[in-house]
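Observations on the three-dimensional arrangement
One letter stands for each residue in the lines below.
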Amino acid sequence: MDKTALLTRYHAVQEAIEQAAQQAGRDAQSIRLLAVSKGHDAAAIRALLEADHRHFAENRVQEAQEKFTLLKEEYPDLELHLIGPLQTNKTREAVALFDVIHTIDRPNLAEKLQTEIARQSRALSCLIQVNIGEEPQKAGVSPQQTDELIRYCKEDTALPIKGLMCIPPHGALPTPYFALLNSIAKRHGLPELSMGMSEDYETAIRCGATMVRVGTAIFGARET
Ligand SMILES: *Cc1c(COP(=O)(O)O)cnc(C)c1O
C-alpha cells in the first residue's frame, strides 16, 4: 500500500465533495463521506484513521468482522456502515458490529433486525435499499413497493429507519434515479440519502445525497 498516494486521493475526494456541495448551495458538513474499504486491508484503513477519518463501509459481515472488530475497540468513534446484502441468519453479528445498515429490503429482515437491536440494546440506524432501476439482478425493494415497506417498518416494527439507499443502473445517467430516490425520501420525511459512488458522487451530492459511498477513488482499484 502506498500511503502517500492513498492520502492524496482521499484529500482530492474531500475537495471534490466540498466543491460539489458549494455548487449545489449545500453545506459540505451535511455530507458524510463513507470510505468503502471492501477488498482492502487493515493497513489502508489505519492510514485513514490516522488522518482522522472515521466513517467506513463494508459489503460483507464476515470481512468487516475480521478487519474492524479490534479497530472499533481502538477507535470508539469509528462508525461502520453495512452496504451489502444482509442474510437473516447474520443479523446477530451485523447488529453487534455495524452502526448503520443500508440494505433493508424486505419485511422479514426488518422484523429480525428490530428484534436483534432490542435484544442487544444497540443504537443503530437503518436505511431501506431501493432497486431504483428495477434491475432483476440487483437487491433492493422496487420503487413501487417502497412506500409500503417504509410504512411497515415505521408502524409495525419501530425499526429506526433514517433514509434510503440506491445504486443506479451501470452506465446510465444517474441523475433521474437519484432524483427519484430523493422524492420518495422527501414524501416520507426521511432525512438520509445514501447515494453516489466513485463514478458519480458529485452528481449524487447535487441531487441531495447525505452519504456518499466511495471505494476506488480513495483506495485505488480492488484486486478481484
Ligand atoms: C463497492 C461499493 C461501493 C464503492 O464503489 P466504488 O466504485 O469503488 O466507489 C459503493 N456502494 C456499494 C453498495 C458497493 O458495493
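The model shown is predicted, which means the values in this text are computed figures rather than measured ones. Every chain begins its residue count from 1, and numbering advances along the sequence as written. Reporting in this predicted model follows two pLDDT cut-offs: at least 70 for local features of residues, and 80 or more for side-chain atom pairs to be given and counted; totals over whole chains, interfaces and linings ignore these cut-offs and use all residues. Excluded from the side-chain calculation are hydrogens and water; included are all heavy atoms of the structure.

1. Focus on the packing of aromatic side chains
Selection rule: A pair of aromatic rings is counted whenever rings of Phe, Tyr or Trp (Trp by its six-membered ring) have centres within 6.5 Å, and the orientation is called stacked for planes under 30 degrees apart, edge-to-face for over 60 and tilted otherwise. The way it works is that DSSP assigns letters per residue, a run of H or I at least four long becomes a helix, a run of E at least two long becomes a strand, and they are numbered from the N terminus. For the exposure calls, accessible area comes from a 1.4 Å probe over protein chains only, and a residue counts as buried if that area is under 20% of its type's maximum, exposed if over 50%, partly exposed in between.
For the structure on display, the rule yields 1 aromatic pair. Where Phe56 meets Phe68, the ring centres are 5.7 Å apart and the plane angle is 50°; that geometry is what we call tilted. You can see Phe56 sitting in strand β2 (residues 55-58) and its partner Phe68 sitting in helix α3 (residues 61-74), a full 12 residues away along the chain. The pair formed by Phe56 and Phe68 is uniform in burial state, with each residue classed as buried.

2. Here's the deal with the site of the ligand
Our working rule: Any residue with at least one heavy atom within 4 Å of a molecule or strand is counted as near it. Pairing of N or O atoms within 3.5 Å defines a polar contact, subject to two protein rules: one partner must be a possible hydrogen donor and the other a possible acceptor, and residues neighboring in sequence count only if both atoms are side-chain atoms. Using a 1.4 Å probe, accessible areas were evaluated by the Shrake-Rupley method; residue-level cover was limited to the displayed protein chains.
The local shell around the ligand holds 13 residues, among which Lys38, Ser198, Arg213, Gly215 and Thr216 are the closest. Here an oxygen atom of the ligand sits 3.0 Å away from a polar atom, N or O, in the side chain of Asn59. At a separation of 2.8 Å, a nitrogen atom of the ligand approaches a polar side-chain atom of Arg213. Considered on its own, the ligand offers 390 Å² of accessible surface; in the complex 90% of this is hidden by protein.

3. Things to note about the environment of Leu97
The condition that has to hold: The contact definition used throughout considers only heavy atoms, calling two residues in contact when any of these lie within 4.5 Å.
As for its placement among the helices and strands, Leu97 is situated in helix α4 (residues 91-97). Between the alpha carbons of Leu97 and Ala217 there is a distance of 25 Å; along the sequence they are 120 residues apart. Filtering out sequence-adjacent residues up to four positions away, Leu97 remains in contact with Val61, Ala64, Gln65, Thr69, Lys72, Leu80 and Arg122.

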